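So the chains spell out like this:
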Amino acid sequence: MNRTLTVQATSDAAVFAPRVAPLIESAPVMTNVVATNLQRALRDPATFEDPCWLWVEDQDGSPVAAAIHTPPRVPHVAGEEPDAGLALADHLATSGRCVEGVGGFRPAAEAFAQRWSDQHSCHVATTMEQGVYEATGVTAPTGVSGSLRLAAPGDAPLLNAWALGFVEHIPEAVPAEEAILTDRVERGEMWVWEYDGAPVSMVYASPPAGGISRISWVYTPPEHQRHGYASAVVAGATAAQLAAGNRCMLYTDLANPTSNGIYQAIGYRRVGDAVMLAFEPRRNPYR
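Residues numbered from 1 in each chain as written. Predicted model: local features only at pLDDT ≥ 70, side-chain atom pairs only at ≥ 80, totals over all residues. Heavy atoms only, no water.

Visitor: Before we move on, can you summarise the overall build of the protein chain with the specific residues and values?
Guide: Each helix and strand counted, the protein chain has eight helices and 12 strands in total. Since a compact globule built from 287 residues should have a radius of gyration of about 19 Å, the 19 Å found for the protein chain is in line with a globular shape. With the C-alpha coordinates of the protein chain rotated into their principal frame, the extents come out at 60 × 50 × 35 Å. Looking at the protein chain residue by residue over its 287 residues, the buried ones come to 51%. (Helix = DSSP H or I, 4+ residues; strand = E, 2+ residues; numbered from the N terminus. Rg over C-alpha atoms; globule rule 2.2 N^0.38 Å. Buried < 20%, exposed > 50% of the residue type's maximum accessible area, 1.4 Å probe, protein only.)

Visitor: Break down the packing of helix α3 (residues 82-93) against helix α4 (residues 106-120) for me, citing the residues and quoting the values.
Guide: Between α3 and α4, the shortest axis-to-axis distance is 7 Å and the interhelical angle comes to 40 degrees. By the angle class used here, α3 and α4 are oblique. In the crossing of α3 with α4, the sense of the turn from one axis to the other is right-handed. Seen from α3, the contacting residues are Pro82, Gly85, Leu86, Leu88, Ala89, Asp90, Leu92 and Ala93; seen from α4, they are Pro107, Ala108, Ala111, Phe112, Arg115, Trp116, Gln119 and His120. For the contact of α3 with α4, a count of residues per class yields 11 nonpolar, three polar and two charged. (Axes fitted to C-alpha atoms, helices over the stretch in contact; angles between N-to-C directions. Parallel < 35°, antiparallel > 145°, perpendicular 65-115°, else oblique. Left-handed = near helix turned anticlockwise from the far one by under 90°. Contact = heavy atoms within 4.5 Å. Nonpolar A, V, L, I, M, F, W, Y, C, P; charged D, E, K, R; others polar.)

Visitor: Account for the pattern of salt bridges, naming residues and giving values.
Guide: All chains considered together, the criterion is met by 10 salt bridges. A salt bridge links Glu110 to Arg106, with the nearest nitrogen and oxygen atoms 2.9 Å apart. Remark: Arg106 and Glu110 occur in helix α4; sequence separation between them is four residues, near one turn of the helix. Here Glu110 falls in the partly exposed class, since its relative accessible area comes to 36%. Within this structure, Arg106, Glu110 and Glu129 form a network of salt bridges that share partners. (Salt bridge = Lys/Arg side-chain N within 4 Å of Asp/Glu carboxyl O.)

Visitor: Talk me through α4; I want residue IDs and the actual numbers.
Guide: An ideal rise of 1.5 Å per residue puts 21 Å on 15 residues; α4 measures up with 21 Å between its terminal C-alpha atoms. Ser121 lies just past α4 and shows a positive phi near 50 degrees. (Expected span 1.5 Å × (residues − 1).)

Below, the structure written as C-alpha cells:
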C-alpha cells in the first residue's frame, strides 16, 4: 500500500453512522448503496440478520471508503481507491465471515477480489458489469399513454409478484428473499405507471441519502413491454425527486443495451462503473 489505512468494523449501525457521515456527504453517489442500507438499519435494527459495517480510515482518522456485508448479499465496497479494497479484503479474511464475492465501484472491488483470490486460491468470476448513472435533469418521453402515481397499499400484492419477476432477471444483484416491496409501498417510495385504470410498470425511489435518491426495482411485466412505460415511470419518479431538491442515480446492467439507452434518453449520464464478482473454487485442469 502507498499509505497506512486502518479498517474498523461494527455490527451496530448507530456506531457506524457518524463515522461514515463525512464520506457520505463528500461522495454521495459512490456511497449511496451503503447510505441507503444504513438508513434501513437505523430505522429498524432487525432489518439485517448478521450485518457487518466497515470503514477505512486514513492516517488522520478520516474515512476514505466504507463497506457493508449483509448476508446473503456479498460485501459491497464504497470506495474508488484500490488500497481501500485491499485493506477491506485483509480485514474480512481474518473475520471468520463467509465471503462468496464482492461488489462495488470497480477499482476497489477488483482490488479486493484480487487480494481474496491470492489469499484463498479461488477463481474470480465477473457476474455483472454495471454502469453508474446520475441525473440532475430529466426529459419525459412523449406519446406514452397513461399517468404516474404513487403506489397505493392495494398495489402491494401485484408489485410483490412483479418483484419476483425482477429478481429472476438479475439474481446476482438481488436475493429472492428481498422481493417484498410492501414496506416501501407503505412508506410512499414506490411509483407506478398506470394505464386504463391498472398499473403497467413500477419503480422504487429511495429516500435521499447525501442528497441522492437511488432509482431501482424498475420493472414492466412482459405483457406491458414495448409501450414506453418503463421510460415514463422512471422519468416521472426522477422528476419528483428533482423537484424535491434531490439528485438521482441508478445502476444498470451494461449487458442490457435497452435499459442503458432508456436511461440516457431521459437524461441520465454515466458517471462510473461498478462490478459484481463471485469467488469460485479453482478448477483442476488435469481432471
